[in-house]
Amino acid sequence: MTMTQSAAIHVEEKTGVFHLQGPGMSYVMKVQEGGYLTHLYWGRRLSRYRGSADVRYEDRGFSGNPNKEDRTFSLDTTPLEYPAYGNTDYRDPAFEIEWADGSRVSDFRYKSYTVQKGKPALDGLPASYAGEAEAETLIIELRDELQQVSIFLRYTVFHASDALARSASIVHEGGEPFVIQKASSANVDFRSRAFEYIHLPGAHNRERDMVRTPLGQSRAVVESRRGSSSHQQNPFFALVRPDATETSGEVFAWNLVYSGSFLASAEVDQFDGTRVNVGIQPFGFSWELSPGETFTTPEAVLVYSSEGLGQMSRTFHHLYGEHLVRGSWKHRTRPVLINNWEATYFDFDEKKILEIASRAAEAEIELFVLDDGWFGRRDDDRSSLGDWTVDERKLPDGVQGLAEKVKEAGMDFGIWVEPEMISVDSDLYRAHPDWCLHVPGRRRSESRNQLVLDFANPEVRAHILEQLRTLLAGAPISYVKWDMNRNMTEIGSPVLPAHRQQETAHRYMLGLYDVMEKLTQEFPEVLFESCSGGGGRFDPGMLYYMPQTWTSDNTDAVSRTRIQYGTSLAYPSAAMGAHVSDVPNHQVGRTTPLAARGHVAMEANLGYELDVTKLSDAEMVEIRDQVRRYKEVRHLSQYGTLYRLADPFQTESYATIRVSSDRSEALFVYMHRLAEANAPFVRVKLDGLKPDAVYSVDGLDRAFGGDELMYAGIDIPVIEHDFQSHLWHLKEVKA
Ligand code: DGJ
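Note that the structure is a prediction, hence the values are computed from the model and not measured.

This brings us to the overall build of the protein chain. Of the regular secondary structure elements, the protein chain holds 12 helices and 38 strands. Rg of the C-alpha trace for the protein chain: 27 Å, near the compact-globule value of 27 Å for 735 residues, within the 12% margin. Taking the principal axes of the C-alpha coordinates as reference, the protein chain spans close to 85 × 70 × 45 Å. Relative to its full complement of 735 residues, the protein chain shows a buried share of 62%. Pairs at least 24 apart in sequence give 68% of the contacts found in the protein chain among residues at least 6 apart. Carbon and sulfur atoms make up 47% of the accessible area of the protein chain, which amounts to about 27100 Å² in all. Separation of charge centres in the protein chain, based on 78 positive and 106 negative side chains, amounts to 3 Å.

Put into structure tokens, the structure is as follows:
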């Protein structure tokens, strides 16, 4: 699709129609009689909405009527923008409020709207951003007059993306405090059930499998209750038409810009409508709002594609690259790093680190990252989290001394921290046993021998921030890996009163975002990579603060094809850390060639994570060659436009191509899992190239037409062994 048309918001006051246009999509709402805000259409761009999708009404049994004069009108059969429960609609509500009188019935009707250029920030929350020339925002006010409460629904359309950013604010102007039990970021009521849903379930070391499931007349739920977005589910959810593929068909996708517990659900109703609801997890959540206060939901990003999943992903990638990631690293070339975790685990000293660093420098690696174990007395995972001062037994010259020596060896220096955690065996815990999440009188369940600090407590945040400032200011540190290695339990905070305990998990997230905002603003040149035991918090909320995420602790090349494929559904390559590690692989025991490990890692932010001092000279030459080659192509690996070509969940092949914005060059990566005797040939059709251009393919020393490569495809050399892989740099040449 050529996106020549830009976004616009059309409001027809006479008919009550709001028509939001992206370059290739439209989203239409209408205020119905009685002031109900209904949803009419989301799909391919309409030049103008003239009423073909207006709501139809029939008298339906067991669907009650708010207006007794009209038996055909029921909220139960009306597609609504931000529905409530209790007024004839029996479907899953977008929000629930418990009023001071104990009732939960509310009645929000349309009151007003405003349109503005650009996009307002969400106070204290990560969110996409856009300048006045890049987007337009519609804000609709719904009002419950009895309670004197307004809900403001925000919709931003972007000129260059078929994406819609949505959030809601509940503003209390009434008399008595009330309690929000649920507040979704977005609700969409489709009048169709012809969908399957796609989500990204998984586990630690097996993140983001791509799973596609039909919908039935029931409610499909994708959620996390772990206090983080989680390895087990990702806050990505899509409805696809049953005929949709990678390259064709309609896709409607949601991604929540939030790193805590979330809920996405799709409910098919009795009349073949589908209601999708996305937002903060209502289970274990409530929020008291007093007069004069506002509660704002996290943002949900909605993406539409009429050209399959590939186009959906490219829309997310572009949006996140241009309108979510911030700071000096937004478009900057990411360095090749070496991390000592799988090389040494906790068992290292300065000598060992410098041996690894100097050998890595010879291979022209650019950044050394010192992982876990450098602080307190942390010889294993049982102690010291919270005590962010150097262990001089291991590093006698401190972090500063080590960092300077690493720099002398020719590399930049980076460091690992896990600021949200506390070990029971730590000076911090001995001084402040109440600084962790806990419920008085109850056991404090440990996980990986650690507890979670109470980031809802401003004193805790200030203390941790100060330690991090001292660390970063005290040494030449140019990279930080921010880890988080357990999920929440006994979610309670001693600084909150009893009736606010269910606010703890969300207040924790707001506190975490506050610390990350301050730290990243104070150290703008530092490259931050977030991590949660690998990809346990790979979400857009984190990307707003930290432009990279450690994709998975699983560094096996075969596992990585699936993990990176699933991750790429929503997240851009420049966000993904990908490392070459040792064999047999530490997570799955598999032995793959160094070439395959390199090729799969070279399609994102390349790193190494193995003891290079134990490698042969020949292996070190191969690594140096990989690094040199990567430096030639990394602008494509990190910022090229991604086309997925072969799906490792369905076939033995994995193939991707990343194309430059002018389409004059591209990076093709291929890996074949298991070889077979007498195997059929494998041919892959490339994508994203200029059909009328000719491209040299360096891996083959040949040149082919873009049309040939895309329409006829290209044969992969005969598969002679397991895990055979290729990385080809295509460059446009004169025909
Ligand atoms: C989990 C991370 O994902 C690993 O890369 C490593 O940093 C360990 N934590 C250290 O404890």
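Turning our eyes to something else, we now look at the site of the ligand. Not every one of the 13 residues close to the ligand is listed here, only the nearest: Asp 371, Asp 372, Lys 481, Asp 483 and Asp 553. A distance of 3.0 Å separates an oxygen atom of the ligand from a polar atom in the side chain of Trp 416. Notes on the ligand: free accessible area 290 Å², of which the protein chains cover 98%. Partitioned by chemical class, the residues of the shell around the ligand number 4 nonpolar, 3 polar and 6 charged.

We now examine the layout of surface pockets. In this structure, the largest pocket encloses a volume near 1100 Å³. As for the largest pocket, its lining consists of 39 residues, and the residues nearest its centre are Arg 314, His 318, Thr 641, Leu 642 and Tyr 643. Residue assignment for the lining of the largest pocket shows that the elements contributing at least two residues are helix H1 (308–323), helix H11 (617–639) and strand S31 (641–646). For the lining of the largest pocket, the element with the highest residue contribution is H1, accounting for 8 residues. The residue makeup of the lining of the largest pocket, split by class, is 13 nonpolar, 17 polar and 9 charged.

This paragraph deals with the packing of helix H9 (residues 557–567) against helix H10 (residues 594–601). Between H9 and H10, the shortest axis-to-axis distance is 9 Å and the interhelical angle comes to 15°. Considered as vectors, H9 and H10 are oriented roughly parallel to each other. Note that H9 runs across H10; the crossing there is left-handed. Here H9 contributes Ala 557, Arg 560, Thr 561 and Gln 564 to the contact with H10, which in turn contributes Ala 596, Arg 597 and Val 600.

By size, the foremost hydrophobic cluster in this structure holds 179 residues, and its most contacted members are Leu 239, Trp 254 and Trp 374. A total of 7 residues in this core trace back to one element, the largest contributor, which is helix H7 (residues 504–522). By size, the runner-up hydrophobic cluster in this structure holds 23 residues, among which are Ala 655, Val 697, Phe 704 and Trp 728.

With that settled, consider the sheet that holds strand S30 (residues 605–609). Pairing between the strands of a sheet is mediated by backbone hydrogen bonds and can be parallel or antiparallel. On the basis of which strands lie adjacent, the closed barrel formed by 8 strands has the order S21-S22-S23-S26-S27-S28-S29-S30 and parallel pairing. Strand-to-strand twist in this sheet, taken as the mean axis angle between neighbours without regard to direction, amounts to 30°. Along the sheet face, H9 touches strand S28 (548–550) and strand S29 (576–581) and points at about 175° away from the line of S29. Helix-sheet contacts for H11 involve S29 and S30, and the interaxial angle to S30 is about 150°.

Along helix H4 (residues 398–408), the positions that sit buried rather than exposed are Gly 398, Val 399, Gly 401, Leu 402, Ala 403 and Val 406. Contacts from the buried residues of H4 go to helix H3 (350–362), strand S22 (367–370), strand S23 (412–417) and helix H6 (458–473). Following H4 by one or two positions, Gly 410 has its phi on the positive side, about 105°.

The next thing to look at is the packing of H6 against H7. Between H6 and H7, the least distance of the axes is 11 Å, while the angle of their chain directions is 25°. It follows that H6 is roughly parallel to H7 by the angle criterion. When you trace H6 past H7, the crossing you get is right-handed. Only Gly 511, Asp 514, Val 515, Lys 518, Leu 519 and Glu 522 of H7 make contact with H6, whose side of the interface consists of Arg 461, Leu 465, Leu 468, Arg 469 and Leu 472. Grouping the constituent residues of the contact of H6 with H7 by class yields 5 nonpolar, 1 polar and 5 charged.

As a further point, take empty space enclosed by the protein. Inspection of the entire model under this criterion finds 7 cavities of 30 Å³ or more. Space inside the largest cavity adds up to approximately 170 Å³. Lining the largest cavity are 15 residues, and of these Tyr 36, Tyr 82, Pro 83, Ala 84 and Phe 108 sit closest to its centre. For the lining of the largest cavity, the per-class residue count stands at 10 nonpolar, 2 polar and 3 charged.

Turning to unusual backbone geometry, a few remarks are in order. Cis rather than trans, the peptide bond between Val 583 and Pro 584 has omega equal to -10°. In this structure, Pro 584 sits in the loop between S29 and H10. The backbone of Glu 490 shows a phi angle near 40°, a positive value even though the residue is not glycine. Relative to the helices and strands, Glu 490 is located in the loop between strand S26 (479–482) and H7. Even without being a glycine, Phe 723 presents a positive backbone phi close to 60°. Tracing the sequence through the fold places Phe 723 in the loop between strand S37 (714–715) and strand S38 (725–733). We classify Phe 723 as buried; its relative accessible area is 9%.

With respect to the secondary-structure elements, Lys 30 resides in strand S3 (residues 25–31). Taking the relative accessible area as the measure of exposure, Lys 30 reaches 16% and is therefore buried. For Lys 30, the side chain forms a polar contact with the side chain of Asp 54, separated by 3.3 Å. Other than its neighbours up to four places away in sequence, Lys 30 contacts Thr 15, Gly 16, Val 17, Tyr 36, Leu 37, Thr 38, Leu 40 and Asp 54.

On to the sheet that holds strand S35 (residues 694–697), then. Read across the open sheet, the 6 strands follow the order S31-S32-S33-S38-S35-S36; overall the sheet is antiparallel. Edge positions in the open sheet fall to S31 and strand S36 (702–705), since each of these has one partner strand only. Along the sheet, successive strands turn relative to each other by an average axial angle of 25°, direction set aside. In this structure, S31 lies alongside strand S32 (residues 653–659), joined through 5 bridges in antiparallel fashion. For Leu 642, the partnering residue across the bridge sits in S32 and is Arg 658.

Thresholds applied
Residues numbered from 1 in each chain as written. Predicted model: local features only at pLDDT ≥ 70, side-chain atom pairs only at ≥ 80, totals over all residues. Heavy atoms only, no water. Helix = DSSP H or I, 4+ residues; strand = E, 2+ residues; numbered from the N terminus. Rg over C-alpha atoms; globule rule 2.2 N^0.38 Å. Buried < 20%, exposed > 50% of the residue type's maximum accessible area, 1.4 Å probe, protein only. Contact = heavy atoms within 4.5 Å. Areas by Shrake-Rupley, 256 points an atom, 1.4 Å probe, with all protein chains shown as cover. Lys, Arg positive; Asp, Glu negative; His and termini not counted. Charge placed at Lys NZ, Arg CZ, Asp CG, Glu CD. Near = heavy atom within 4 Å. Polar contact = N/O pair within 3.5 Å; in protein donor to acceptor, adjacent residues only side chain to side chain. Nonpolar A, V, L, I, M, F, W, Y, C, P; charged D, E, K, R; others polar. 1 Å grid on protein atoms, 1.4 Å probe; cavity = no way out; pocket = protein on both sides within 12 Å on 5 of 7 lines; lining within 4 Å. Points joined across faces, edges and corners; volume = space filled by probe spheres on them. Axes fitted to C-alpha atoms, helices over the stretch in contact; angles between N-to-C directions. Parallel < 35°, antiparallel > 145°, perpendicular 65-115°, else oblique. Left-handed = near helix turned anticlockwise from the far one by under 90°. Core = buried A, V, L, I, M, F, W, Y, C linked by side-chain atoms within 4.5 Å. Pairing = 2+ DSSP bridges.

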